[in-house]
Amino acid sequence: MSNKEASQTSVLTFPKELEGQKRPSITFTQENTGTQIRFPVPAGMTFSETASYGEEDLGAHGAAIANAFADGDRPDPDSLPDKPTKSTGIAGLLAAATPKSTGIGIGMGVSVNKHTTTEFGGVGTRSHSYNFKLVASSSEESTTISQIVKTFTEGLYPTKDVASLTLKYPEQWKIDFEHVNAYIPPIFDCYLSSFSSTYNGAAHAWYEGGSPVEVDITLGFTETKARTRDDFTAANN
């Protein structure tokens, strides 16, 4: 971090009483500026892990090749035929997939074994969402809420170059937990992908000077890239 960035670093804590306390808390940190926003750990956090799988019809030829590799034979790929040997008999007839062969198959009560298998398609980027109800106990805390909303709002958007021809990626964020970290799955670097704020949702109340008493905020984060088991193993160690 540069000296200029370091001089701009700030810590926004809500509620104020959280400052200096060793309570379970969550901290959102802008990586470029170092600005930190700290809250008590919210209730009902959910971590979802998903992987993509699909069906693939290998056919007899593809299944034989897959089995050869699965059994450890590891044949030379260049030596394998691109097309299967033409089947004969009823199997060859059914494989033709003509109205005639379909009718015969239905009449005999048989069909071609497609050797359908499950194929792993990869994993996507993880998403994380959080909701916080920020009720100010003073106008000072209401000012802190305003600064928090401003920081998250600006941190979602990109910046443009002088000629407005390109957009620089928005800030990346780190999400850290204190005093509960050993029990929480790791979260990797994220982009802030959504942010909303609702003012005085429960009551139409304002402090002198126009600051709201209550602001509800919802944060959505998307990790910067898909991860592998190696990333989790390294993070957990």
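Data block above holds the structure.
How each quantity is defined
Residues numbered from 1 in each chain as written. Predicted model: local features only at pLDDT ≥ 70, side-chain atom pairs only at ≥ 80, totals over all residues. Heavy atoms only, no water. Helix = DSSP H or I, 4+ residues; strand = E, 2+ residues; numbered from the N terminus. Contact = heavy atoms within 4.5 Å. Buried < 20%, exposed > 50% of the residue type's maximum accessible area, 1.4 Å probe, protein only. Pairing = 2+ DSSP bridges. Axes fitted to C-alpha atoms, helices over the stretch in contact; angles between N-to-C directions. Core = buried A, V, L, I, M, F, W, Y, C linked by side-chain atoms within 4.5 Å. Phe/Tyr/Trp six-rings, centres within 6.5 Å; stacked < 30°, edge-to-face > 60°. Patch = residues over 30% accessible without salt bridge, like charges linked within 9 Å, V, L, I, M, F, W, Y side chains within 5 Å. Areas by Shrake-Rupley, 256 points an atom, 1.4 Å probe, with all protein chains shown as cover. Salt bridge = Lys/Arg side-chain N within 4 Å of Asp/Glu carboxyl O.

1. Observations regarding the environment of Ser-127
- Tracing the backbone shows Ser-127 in strand S6 (residues 127–135).
- It is 9.1 Å that separates the C-alpha atoms of Ser-127 and Ser-193, two residues lying 66 residues apart in sequence.
- Setting aside residues up to four positions removed in sequence, Ser-127 forms contacts with Phe-221 and Thr-222.

2. Looking at the pairing of strand S9 (residues 172–178)
- Covered by surrounding structure in S9 are Trp-173, Ile-175 and Phe-177 only, the residues Gln-172, Lys-174, Asp-176 and Glu-178 on the alternate face being uncovered.
- Inspection of the sheet shows S9 paired to strand S10 (residues 190–199) by two bridges, in the antiparallel sense. For Trp-173, the partnering residue across the bridge sits in S10 and is Cys-190.

3. Some words on the sheet that holds S9
- If you walk across this open sheet you meet the seven strands as S1-S3-S2-S9-S10-S11-S6, and the pairing is mixed. Each having just a single partner strand, strand S1 (11–13) and S6 make up the two edges of the open sheet. Within this sheet the neighbouring strands show an average axis-to-axis angle of 25 degrees, counted without direction.
- In the packing of helix H5 (residues 139–156) onto the sheet, contacts are made with S1, strand S2 (25–30), strand S3 (36–40), S6, S9, S10 and strand S11 (214–223), and the angle to S10 comes to roughly 140 degrees.

4. Here's the deal with the nonpolar core
- Counting residues in each nonpolar core, the largest one holds 27 residues, and the members touching the most others are Phe-28, Phe-39, Phe-152, Ile-217 and Phe-221.
- Excluding its chain neighbours within four sequence positions, the residues that come into contact with Phe-152 are Phe-28, Ile-37, Phe-39, Trp-173, Leu-192, Phe-195, Ile-217, Leu-219 and Phe-221.

5. Focus on the packing of aromatic side chains
- Under the defined criterion, the tally for this structure stands at 13 aromatic pairs.
- Aromatic pair Phe-28 and Phe-152: ring centres 5.8 Å apart, planes at 80 degrees, arrangement edge-to-face. You can see Phe-28 sitting in strand S2 and its partner Phe-152 sitting in helix H5, a full 124 residues away along the chain.
- Given a relative accessible area of 0%, Phe-28 falls into the buried group.
- Ring geometry for Tyr-169 and Tyr-191: centres 5.8 Å apart, planes at 70 degrees, overall edge-to-face. One end of the pair, Tyr-169, is in the loop between strand S8 (167–168) and S9; the other, Tyr-191, is in strand S10, and 22 residues separate them in sequence.
- Since its relative accessible area comes to 63%, Tyr-169 is described here as exposed.
- Taken together, the ring pairs in this structure connect Phe-28, Phe-39, Tyr-130, Phe-132, Phe-152, Trp-173, Phe-195 and Phe-221 into an aromatic cluster.

6. Things to note about a nonpolar patch on the surface
- Among the surface-exposed residues, Tyr-53, Phe-120 and Val-123 lie close enough to one another that they form a single nonpolar patch of about 330 Å² accessible area.
- In this fold, Phe-120 is placed in strand S5 (residues 116–123).
- For Phe-120, a relative accessible area of 48% gives the class partly exposed.

7. Some details on the pattern of salt bridges
- Going through the model one piece at a time under the given rule, you end up with twelve salt bridges.
- Glu-31 is the salt-bridge partner of Lys-174, the closest N and O atoms lying 3.7 Å from each other. Within this pair, whereas Lys-174 is found in strand S9, its partner Glu-31 is found in the loop between S2 and S3, the two being separated by 143 residues in sequence.
- Here the salt bridges share partners, and the residues they tie into one network are Lys-16, Glu-19 and Glu-140.

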